[in-house]
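Single-letter residue listing:
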Amino acid sequence: MTLSPLAPEWLSHPADANALRPLMWARDVTRNDAGEIEVAGVSAGALAKQFGTPLFVVSEADFRARARDFKDSFDAAFADLCGGADVYYAGKAFLCTEVARWVASEGLRLDTCSGGELAVARRAGIPGANLGLHGNNKSDAELTRALDMGLGRIVVDSLPELERLGALAASRGERANVMLRLTPGVHAHTHDFIATAHEDQKFGLSMAPDPETGVSPAAAAVAAALGHGGITLLGLHCHIGSQIFEPEGFELAAKRLLGFLSGVKAEHGIELPELDLGGGYGIAYTEADTPRPPAEIAKAMAAVVGATCKELGLAVPRISIEPGRAIAGPSTFTLYRTGTIKTVRVDTAGGGTAERRYVSVDGGMSDNARPVLYDADYSAVLASRASEDDAVMSRVVGKHCESGDIVVRDVYLPADTADGDLLAVPGTGAYCWALSSNYNYIARPPVVAVANGAARLIIRGETEEDLLSRDVS
Ligand SMILES: Cc1ncc(COP(=O)(O)O)c(C=O)c1O
Ligand SMILES: N[C@@H](CCCC[NH3+])C(=O)O
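What you are looking at is a predicted structure, and each value in this text was computed from that prediction instead of being measured.

**Quick word on the overall build of the chain**
Right, on to step 1. Across its full length, the chain carries 12 helices and 21 strands.
Right, on to step 2. Over its C-alpha trace the chain gives a radius of gyration of 24 Å, about what one expects of a compact globule, namely 23 Å for 473 residues.
Right, on to step 3. Across its three principal directions, the C-alpha atoms of the chain cover 70 × 55 × 40 Å.
Right, on to step 4. Looking at the chain as shown, the accessible area adds up to about 19,100 Å², and 51% of this sits on carbon and sulfur atoms.
Right, on to step 5. Seen as two clouds, the 43 positive and the 61 negative side-chain charges of the chain have centres 4 Å apart.

Quick look at the structure:
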């Protein structure tokens, strides 16, 4: 078989199309003797039979292990510097009541960014002291809810919000626990839509001095917070973006924030006790991605923080981080049923023609918007059986009325992949269900957690009745 010239350079023709690359899958996903994929002892076929497809399948053990790994690694790395570190799981990646409970039982805290996420946290019984709240446009109702729940930290994003929160807390005779989100001016190596620390964007307080006053919005916010009767200023926060592999951006941001803390000490005589370095750690969606293990990330970060504090004569603040994707992403795969398969002739850049095989599945951009939103790459394997057939360059597409509705842009799938097979797409635990929609009146799929040979629903799938029941007629 001649290889399709349409294959991207980074994608290698697999020697064994049935193989599961370890970094891309939850650690308890294997291929059983019958050739079927199974997770924690439950086969893809059994899952599809019990819950239907599309289906989000979460390995509970894998999710918990990744959460624990971050907590243990950061605690160990920062033990001597500041007595350990706090890990806030970023619930925006994937949140439901069950997941919030897993996170809490593994010793993590929870980062929320809306009233709805706070409601999940409350339902899961997480104490307010272990919660953070983010957002560039928090409503008064959300701030009130945060105060009602006694939040450990509200991450303030702007001067107007600081004023609003301070006034609200003061009117209740309280002080709000505040972290200030700063933009350290770091350009992260990631898709523009998920980079968040350069100057020209909606998040955070700039550290760059205003040309007229010489005072940066960040410095103005610190002064305002320290002087406000309704605010307790705990420290500073930054988040440079998401799906980032290189350590340099994280380290530069940490250095800039510590430098800023040193400036606060010089100006106000105060060493703020906390520093949150955000999330953003990349995961393996394809063979081209090489994520760093949490222990390595933590050690490198501790070395930078320790050395910088020493240089600046600062006590090391209590460090926290907010990983989302790196905990939720690899724990989950999406199970689809294949449908129409067709091969089309396409013109190549070199002036020739090639064939592209389109494999359609029964979901698509409504359960995974990331390829459309960020040009995100994924991978896929045949899940219902192993195949001895050669692997053919393929494009997995959804069923939506949108030509950009691509699930996996480029993947080698066995030539005998046929209508009715099961296909599994790994790494869909973060920002897939969370970003899901009802486009084309398609109901959101259920999410099941699998552990110890049993699967249980943690989010029920929507039904057509659910969707119709919203229509006012
Ligand atoms: C403030 C903040 N913290 C944490 C995260 C989690 O990022 P990630 O899922 O890439 O770890 C995000 C999302 O990018 C974020 O905006
Ligand atoms: N939603 C983005 C991640 C960033 C969201 C949080 N700031 C993604 O799917 O990659």
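Continuing now.
**A short note on the nonpolar core**
It is characteristic of soluble globular proteins that their nonpolar side chains tend to be buried jointly.
Right, on to step 1. Core analysis: the biggest nonpolar cluster contains 104 residues, and Phe74, Phe78, Tyr89, Leu180 and Leu236 have the highest contact counts within it.
Right, on to step 2. If one sorts the elements of this core by residue count, helix H8 (residues 247-268) sits on top with 8 residues.
Right, on to step 3. In terms of nonpolar packing, the next biggest core, distinct from the first, is built from 24 residues, Met24, Leu47, Ala383 and Ala424 among them.

**Things to note about the packing of helix H2 (residues 60-82) against helix H3 (residues 97-105)**
Each pair of packed helices can be described by the angle between their axes along with the distance between the axes.
Right, on to step 1. Interhelical geometry of H2 versus H3 gives an angle of 45 degrees and a closest axis separation of 9 Å. Here H2 is positioned oblique relative to H3, judged by the angle of their axes. Where H2 crosses over H3, the handedness of that crossing is right-handed. Contacts from Glu60, Phe63 and Arg64 of H2 reach H3 at Val99, Trp102, Val103 and Ser105.

**Looking at a negative patch on the surface**
Right, on to step 1. Residues Asp16, Glu388, Asp389 and Asp390 make up a contiguous surface patch of negative charge.
Right, on to step 2. Along the polypeptide, Asp389 turns up in the loop between strand E16 (381-382) and strand E17 (391-397).
Right, on to step 3. Its relative accessible area of 35% is what places Asp389 among the partly exposed residues.

**Description of the sheet that holds strand E2 (residues 37-39)**
Right, on to step 1. The 3 strands are arranged E1-E2-E3 in an open sheet whose pairing can be described as antiparallel. Across the chains shown, the open sheet's two edge strands, defined by having one partner strand only, are strand E1 (29-31) and strand E3 (42-43).
Right, on to step 2. In this sheet, E2 lies alongside E1 in antiparallel orientation, the contact comprising 3 bridges. Residue Arg31 lies in a different strand from E2, and its bridge partner there is Ile37.

**As for the UniProt feature "modified residue: N6-(pyridoxal phosphate)lysine" (unreviewed entry) in the chain**
Right, on to step 1. As recorded in UniProt, the feature "modified residue: N6-(pyridoxal phosphate)lysine" (unreviewed entry) lies at Lys92.
Right, on to step 2. Along the polypeptide, Lys92 turns up in the loop between strand E5 (85-90) and H3.
Right, on to step 3. Judged by its relative accessible area of 28%, Lys92 is partly exposed.
Right, on to step 4. Once residues lying within four places of it in the same chain are set aside, the contact partners of Lys92 are Asp111, Cys113, Glu117, His134, Tyr431 and Ala434.

**Description of helix H5 (residues 140-148)**
Two residues of an α-helix separated by three or four positions point the same way, owing to the 3.6 residues in each turn.
Right, on to step 1. Turning to H5, its buried residues number three or more, namely Leu143, Ala146 and Leu147. Angular distribution of buried residues about the axis of H5 spans 95 degrees; they occupy a single face of the element. Away from its buried face, by an angle of more than 90 degrees, H5 presents the exposed residues Ala141 and Asp148.
Right, on to step 2. The secondary structure elements touched by the buried residues of H5 are helix H4 (115-123), strand E7 (131-133), strand E8 (153-156), helix H6 (159-171) and strand E9 (176-183).
Right, on to step 3. Gly150 sits one or two residues past H5 and shows a positive phi near 65 degrees.

**Considerations on the pattern of salt bridges**
Oppositely charged side chains can form a pair if their charged atoms are brought close together.
Right, on to step 1. Applying the stated criterion to the full structure yields 28 salt bridges.
Right, on to step 2. Where Asp86 meets Arg318, a salt bridge forms, and the shortest distance between an N and an O atom there is 2.8 Å. One end of the pair, Asp86, is in strand E5; the other, Arg318, is in strand E13 (residues 318-321), and 232 residues separate them in sequence.
Right, on to step 3. With a closest N to O distance of 2.7 Å, Lys138 and Glu161 form a salt bridge. In this pair, Lys138 sits in the loop between E7 and H5 while Glu161 sits in helix H6, placing the two residues 23 residues apart along the sequence.
Right, on to step 4. Classification of Lys138 by relative accessible area gives buried; the value is 2%.
Right, on to step 5. Since its relative accessible area comes to 2%, Glu161 is described here as buried.

**What about the side chain of Thr417?**
Right, on to step 1. Relative to the elements of secondary structure, Thr417 occurs in the loop between strand E18 (406-414) and strand E19 (422-426).
Right, on to step 2. Polar side-chain contacts of Thr417 include one of 2.6 Å to the backbone oxygen of Pro414.
Right, on to step 3. Here Thr417 is in contact with Thr338, Ile341, Arg357, Val359, Leu382 and Arg385, once residues within four sequence places are set aside.

**Points about the site of ligand 1**
Right, on to step 1. Neighbouring residues of ligand 1: 15 residues in total, closest His239, Ser242, Glu322, Arg325 and Tyr431.
Right, on to step 2. One of the backbone N or O atoms of Gly324 is found 2.9 Å from an oxygen atom in ligand 1.
Right, on to step 3. Contact with the protein chains removes 92% of the 390 Å² of surface that ligand 1 exposes when unbound.

**Re the pairing of strand E6 (residues 109-112)**
Right, on to step 1. In this sheet, E6 lies alongside E5 in parallel orientation, the contact comprising 3 bridges. Bridge assignment links Ala90 to a residue of E6, and that residue is Asp111.
Right, on to step 2. Traced from E5 through H3 to E6, the parallel crossover comes out right-handed.
Right, on to step 3. Sheet topology note: the E6/E7 ladder contains 3 bridges and is parallel. Looking across to E7, one finds that Asp111 is bridged to Gly132.

**Structural notes on the packing of aromatic side chains**
Right, on to step 1. Following the criterion strictly, the structure yields 9 aromatic pairs and no others.
Right, on to step 2. Their ring planes at 55 degrees and their centres at 5.8 Å tell us that Trp25 and Phe333 sit as a pair that is tilted. Pair noted here: Trp25 is in the segment before E1 and Phe333 is in strand E14 (residues 332-347), with a separation of 308 residues, a long-range link.
Right, on to step 3. Judged by relative accessible area, Trp25 falls into the buried class, the value being 4%.
Right, on to step 4. You can call Phe333 buried: its relative accessible area is 3%.
Right, on to step 5. Three or more aromatic residues link up through ring pairs in this structure, and these residues are Phe70, Phe74, Phe78, Phe250 and Tyr281.

Criteria and thresholds
- Residues numbered from 1 in each chain as written.
- Chains lettered and ligands numbered in written order.
- Predicted model: local features only at pLDDT ≥ 70, side-chain atom pairs only at ≥ 80, totals over all residues.
- Heavy atoms only, no water.
- Helix = DSSP H or I, 4+ residues; strand = E, 2+ residues; numbered from the N terminus.
- Rg over C-alpha atoms; globule rule 2.2 N^0.38 Å.
- Areas by Shrake-Rupley, 256 points an atom, 1.4 Å probe, with all protein chains shown as cover.
- Lys, Arg positive; Asp, Glu negative; His and termini not counted.
- Charge placed at Lys NZ, Arg CZ, Asp CG, Glu CD.
- Core = buried A, V, L, I, M, F, W, Y, C linked by side-chain atoms within 4.5 Å.
- Buried < 20%, exposed > 50% of the residue type's maximum accessible area, 1.4 Å probe, protein only.
- Axes fitted to C-alpha atoms, helices over the stretch in contact; angles between N-to-C directions.
- Parallel < 35°, antiparallel > 145°, perpendicular 65-115°, else oblique.
- Left-handed = near helix turned anticlockwise from the far one by under 90°.
- Contact = heavy atoms within 4.5 Å.
- Patch = residues over 30% accessible without salt bridge, like charges linked within 9 Å, V, L, I, M, F, W, Y side chains within 5 Å.
- Salt bridge = Lys/Arg side-chain N within 4 Å of Asp/Glu carboxyl O.
- Pairing = 2+ DSSP bridges.
- UniProt positions renumbered as here; feature names shortened; annotations may be inferred.
- Arc of directions from axis to C-beta.
- Polar contact = N/O pair within 3.5 Å; in protein donor to acceptor, adjacent residues only side chain to side chain.
- Near = heavy atom within 4 Å.
- Right-handed = clockwise from strand over helix to strand, strands pointing away.
- Phe/Tyr/Trp six-rings, centres within 6.5 Å; stacked < 30°, edge-to-face > 60°.

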